[in-house]
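What follows is the residue order along each chain.
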Amino acid sequence: MFKQTAIATAAILFAGAALAQAPAGYPADYQKIIDAAKKEGKLVVYGATDSKATQPLIKDFNALYPGITVEYNDMNSTEVYNRFISEVAAGGNTADVMWSSAMDLQMRLASDGYALKYKSVEAPKVPGWSVWDDQAYGTTFEPAAIVYNKRLVDAKEVPQNHADFVKLIQQPKFKDKVTTYDIEKSGVGFMFMTQDAREFGKYIDLANAFGAAKVRVQSSTGTMMERISSGENLIGYNVLGSYALVRAKNDPSIGVVLPKDYTLVMSRVVFINKGAKNVNAAKLWLDYMLSHRGQTVIANDSRLYAIRADVTGETTSAELIKQIGKDNVKPVPVHPILLQFLGPAKRMAFLKQWKETAGKK
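Residues numbered from 1 in each chain as written. Predicted model: local features only at pLDDT ≥ 70, side-chain atom pairs only at ≥ 80, totals over all residues. Heavy atoms only, no water.

## Observations regarding the packing of helix α2 (residues 51-64) against helix α11 (residues 292-300)
In contact at an axis separation of 9 Å, α2 and α11 are set at 155 degrees when each is read in the N-to-C sense. Classified by the angle their axes make, α2 and α11 are roughly antiparallel. As for how α2 packs across α11, the hand of that crossing is right-handed. Mapping the contact onto sequence places Pro56, Leu57, Asp60, Ala63 and Leu64 in α2 and Arg293, Gly294, Val297 and Ile298 in α11. Classifying every residue of the contact of α2 with α11 gives 6 nonpolar, 1 polar and 2 charged. (Axes fitted to C-alpha atoms, helices over the stretch in contact; angles between N-to-C directions. Helix = DSSP H or I, 4+ residues; strand = E, 2+ residues; numbered from the N terminus. Parallel < 35°, antiparallel > 145°, perpendicular 65-115°, else oblique. Left-handed = near helix turned anticlockwise from the far one by under 90°. Contact = heavy atoms within 4.5 Å. Nonpolar A, V, L, I, M, F, W, Y, C, P; charged D, E, K, R; others polar.)

Structure follows, in structure tokens:
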């Protein structure tokens, strides 16, 4: 089941109040989109980002464009995909905007013709690899991390790369104490693991090590973090680093490693539904998320790591690249190449191999 959060605008404008104006530097005719969005008065977003992290964005969007009610529906990444597909097939109401961490599922929808072609005013300000065909846009720069319990894992044991992790979890101490995503249920978990299969030359050793450790799989980052913090699990793999690094600042039990051989970086992909009821409000939302203002909120309030290079702060792409090194950061491109493992035959083959190696108990 998903959680639904409807967040209304802060206030009703009194008679004669000034209308929202186009941001500085935008084309003069952008005002037409703003005025049309005001008439629509609503925006429906399906997202796989926690409501708590999304609220600062909605609040600031409302401040910029008062009069538009944003209804945000918080689900896991697989639910986002399945709900949208089923609602479209039934001809019912569905999202105006799709925003998900499962980049491959988002690209499947976009490449299958569900995304509106819309060239964002902000497109030139984001990396080229994060935009596909003026339809799908990456909005964040989030690392896949190794997370461990600092109380129970000695500093000398902490793995610094993927090969170290493989060796570590084969030790008896880590049996039944390792966690990662359930790649059958988590879209982002499946995507990360297939990317590991491409990047890590000894991926089969990693899968076998998971099997030896009797890995415990979860469908959410939050559950993994709780179990690592409590000591029920000692170490987690491919945990969303954006959530983990924020948690580590307030939880002395949580340690985070960004692997030094390579760190996968995913970007939450947003696109406008081609059949959106509130298409102008959707355009405002997409442009806002990619703008310097929206990206600053993403970095400093939502703590999801801004993708724009001109946004400064601790949780930004610039800072992450500085920490890991440009050559070791491996962004997952917003591109149909991600569909490689989503075909029924390849997906089933990958999951079969996973069950035979990592899934053995």
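## Structural notes on unusual backbone geometry
For Lys214, which is not a glycine, the phi torsion comes out positive at approximately 55 degrees. The residue Asn238 is not glycine, and still its phi comes out positive at about 60 degrees. Relative to the helices and strands, Asn238 is located in strand β10 (residues 235-240).

## Comments concerning the environment of Tyr262
In this fold, Tyr262 is placed in the loop between β11 (254-257) and β12 (263-266). With 23 residues separating them in the primary sequence, Tyr262 and Trp285 have C-alpha atoms 33 Å apart. Other than its neighbours up to four places away in sequence, Tyr262 contacts His162, Asp196, Glu199, Phe200, Tyr237, Asn328 and Lys330. In terms of polar contacts, Tyr262 uses its side chain to reach the side chain of His162, at 3.4 Å. (Polar contact = N/O pair within 3.5 Å; in protein donor to acceptor, adjacent residues only side chain to side chain.)

## So, the packing of aromatic side chains
Tallied over the full model, the rule gives 15 aromatic pairs. Summarising the aromatic geometry, the rings of Phe84 and Tyr114 are spaced 5.7 Å apart at their centres and angled 80 degrees between planes, so their arrangement reads as edge-to-face. With Phe84 in helix α3 (residues 77-90) and Tyr114 in helix α4 (residues 103-114), this residue pair connects regions lying 30 residues apart in the sequence. A ring pair is formed by Phe341 and Phe350, whose centres lie 5.3 Å apart and whose planes are at 65 degrees; its orientation type is edge-to-face. Exposure remark for Phe341: the relative accessible area of 15% places this residue in the buried category. By relative accessible area, which is 6% here, Phe350 ends up buried. Ring-pair connections join several aromatic residues into one group, and the members of that group are Phe61, Tyr65, Trp285 and Tyr288. (Phe/Tyr/Trp six-rings, centres within 6.5 Å; stacked < 30°, edge-to-face > 60°. Buried < 20%, exposed > 50% of the residue type's maximum accessible area, 1.4 Å probe, protein only.)

## A look at the pairing of strand β3 (residues 69-74)
Judged by how many residues are buried, β3 sits mostly within the fold: 5 of 6 residues are covered. As paired elements, strand β2 (residues 42-47) and β3 share 6 bridges and run parallel to each other. Residue pairing for β3: Val45 is matched across the bridge by Tyr72. Between β2 and its parallel partner β3, the chain crosses via α2, and the hand of that crossover is right-handed. (Pairing = 2+ DSSP bridges. Right-handed = clockwise from strand over helix to strand, strands pointing away.)

## Concerning the packing of helix α8 (residues 221-230) against helix α9 (residues 241-250)
Following both chains from N to C, one finds α8 and α9 inclined at 35 degrees, their axes separated by 10 Å at the closest point. Where α8 crosses over α9, the two elements pack in a sense that is right-handed. For the pair formed by α8 and α9, the contact residues are Thr221, Met225, Glu226 and Ser229 on the first element and Tyr243, Ala244 and Arg247 on the second. Counted by class, the contact of α8 with α9 contains 3 nonpolar, 2 polar and 2 charged residues.

## Structural notes on helix α1 (residues 30-40)
Residues Tyr30, Gln31, Ile33, Ile34, Ala37 and Lys38 constitute the buried set of α1. Looking down the long axis of α1, one finds its buried residues gathered within 155 degrees of arc, a one-sided arrangement. Opposite the buried face of α1, by more than 90 degrees, sit the exposed residues Lys32 and Lys39. Gly41 lies just past α1 and shows a positive phi near 75 degrees. (Arc of directions from axis to C-beta.)

## Remarks on the environment of Gln171
Secondary-structure assignment places Gln171 in the loop between α5 (162-168) and β8 (178-181). Separated by 38 residues in the primary sequence, Gln171 and Ala209 have C-alpha atoms spaced 9.6 Å apart.

## Quick word on the nonpolar core
By size, the foremost hydrophobic cluster in this structure holds 116 residues, and its most contacted members are Phe165, Val178, Phe192, Phe210, Ile235, Leu284 and Trp285. Setting aside its immediate chain neighbours within four residues, Phe192 contacts Ala144, Tyr181, Asn238, Leu240, Leu264 and Met266. (Core = buried A, V, L, I, M, F, W, Y, C linked by side-chain atoms within 4.5 Å.)

## Here we look at the side chain of Asn273
In this structure, Asn273 sits in the loop between β13 (269-272) and α10 (279-290). When its relative accessible area of 6% is taken as the criterion, Asn273 is described as buried. For Asn273, the side chain forms a polar contact with the main-chain oxygen of Ala95, separated by 2.9 Å. Those residues in contact with Asn273 that sit more than four places away from it in its chain are Phe84, Thr94, Ala95, Asp96, Tyr114 and Leu116.

## Thoughts on the pairing of strand β7 (residues 142-149)
With 8 of 8 residues buried, β7 is to be regarded as a mostly interior element. Along β7, one buried face is formed by Glu142, Ala144, Ile146 and Tyr148 and the opposite face, lined by Pro143, Ala145, Val147 and Asn149, is buried too. Both β7 and β12 contribute to a ladder of 2 bridges, which runs antiparallel. Residue pairing across strands places Pro143 opposite Val265, the latter belonging to β12. Pairing geometry for β7 and β10, over 4 bridges, is antiparallel.

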